[in-house]
Amino acid sequence: MSESARPIDLTGLRAWQRAAISQYFRENPQDFMAVATPGAGKTTFALRIASELMSRRIINRIIVVTPTDHLTKQWAQAATGHGLNLDSNFTANKSSAKGFDGITLTYAGVASNPLRLRVRVDSYKTLVILDEIHHAGDALSWGDAVNEAFASATKRIALT
């Protein structure tokens, strides 16, 4: 069985997560949006996909964008439960330490230096997870920066 055709572990997931992950891998989209209520498990959903994409070598870097610094830390902590190591201390103006699978940062952080992030995205096969994507519209510069930084990403998942 090829690496891309092997079964996906869907144990421990809610019904909507299983259905959406199955749809994701069946359709293999560049862009995917998941809309669910707060507390429904969007973080787990996205990290399960990220872990699977990493193991299949479809991507080799992850960028998670959140509206607040507190959420960047939560995402990095949650990622460890999926075998992923995300740097929650990254800023667009300093490099990430070695040994990380990716980074977490805020929408404001993206807006501070979108070109530097674009260079990162162009240098790796990158999955970008845009948590609470509706916040990208909170300031015109945030939406423009997200587009500039991540237009060339290998994969994008928007959550709201």
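Our subject is the structure that appears above.
Calculation criteria
Residues numbered from 1 in each chain as written. Predicted model: local features only at pLDDT ≥ 70, side-chain atom pairs only at ≥ 80, totals over all residues. Heavy atoms only, no water. Axes fitted to C-alpha atoms, helices over the stretch in contact; angles between N-to-C directions. Helix = DSSP H or I, 4+ residues; strand = E, 2+ residues; numbered from the N terminus. Parallel < 35°, antiparallel > 145°, perpendicular 65-115°, else oblique. Left-handed = near helix turned anticlockwise from the far one by under 90°. Contact = heavy atoms within 4.5 Å. Core = buried A, V, L, I, M, F, W, Y, C linked by side-chain atoms within 4.5 Å. Buried < 20%, exposed > 50% of the residue type's maximum accessible area, 1.4 Å probe, protein only. Pairing = 2+ DSSP bridges. Phe/Tyr/Trp six-rings, centres within 6.5 Å; stacked < 30°, edge-to-face > 60°. Lys NZ or Arg CZ within 6 Å of the ring centre and 35° of its normal.

(A) The packing of helix H2 (residues 42–55) against helix H3 (residues 69–80), seen in detail. Relative to each other, H2 and H3 sit at 55 degrees, their axes nearing to 10 Å. As judged from the angle between their axes, H2 and H3 are oblique. When the axes of H2 and H3 are compared, the crossing they make is right-handed. Touching Thr43, Ala46 and Leu47 of H2 are Trp75, Ala78 and Ala79, all from H3.

(B) Region of the structure containing the nonpolar core. Of all hydrophobic cores here, the largest spans 26 residues; its most connected members are Phe45, Ile49, Ile62, Ile129 and Leu159. Contributions of two or more residues to this core are made by helix H1 (15–27), strand S1 (31–34), H2, strand S2 (61–66), H3, strand S5 (126–130) and strand S6 (155–159). Leaving out residues up to four positions away in the same chain, Ile129 has contacts with Ala46, Ala50, Ile62, Ile63, Val64, Val65, Trp75, Ile157 and Leu159.

(C) Representation of the pairing of S1 within the structure. Residue alternation in S1 divides its side chains into a buried set, Phe32 and Ala34, and an unburied set, Asp31 and Met33. Here four bridges tie S1 to S6, and the two strands are oriented parallel to one another. The residue of S6 that forms the bridge with Phe32 is Ile157.

(D) Just the environment of Arg57, in detail. Summarising the element assignment, Arg57 is placed in the loop between H2 and S2. Residue class for Arg57 comes out exposed when judged on its relative accessible area of 66%. Through-space distance from the C-alpha of Arg57 to that of Ala108 is 30 Å; in sequence the pair is 51 residues apart.

(E) Highlighting the sheet that holds strand S4 (residues 102–106). Here we have six strands laid out as an open sheet, ordered S1-S6-S5-S2-S4-S3, and parallel in their pairing. This sheet does not close on itself; its edge strands, each paired only once, are S1 and strand S3 (86–87). Alignment of S2 against S4, held across five bridges, turns out to be parallel. Along S4, the bridge assignment pairs Ile62 with Gly102. The sheet contacts of H2 involve S1, S2, S5 and S6, and relative to S6 the element is tilted by about 170 degrees.

(F) Expanded view of the packing of aromatic side chains. Enumeration according to the criterion identifies five aromatic pairs in this entry. Look at Trp16 and Phe45: their rings are 5.4 Å apart centre to centre, the planes differ by 40 degrees, and that puts the pair in the tilted class. Taken together, the residues Trp16 in helix H1 and Phe45 in helix H2 connect sequence positions 29 residues apart. Connected via pairs of aromatic rings, a cluster forms that spans Trp16, Tyr24, Phe25, Phe32 and Phe45. Above the plane of the ring of Tyr124 lies Arg61, whose end atom (NZ or CZ) is 4.1 Å from the centre.

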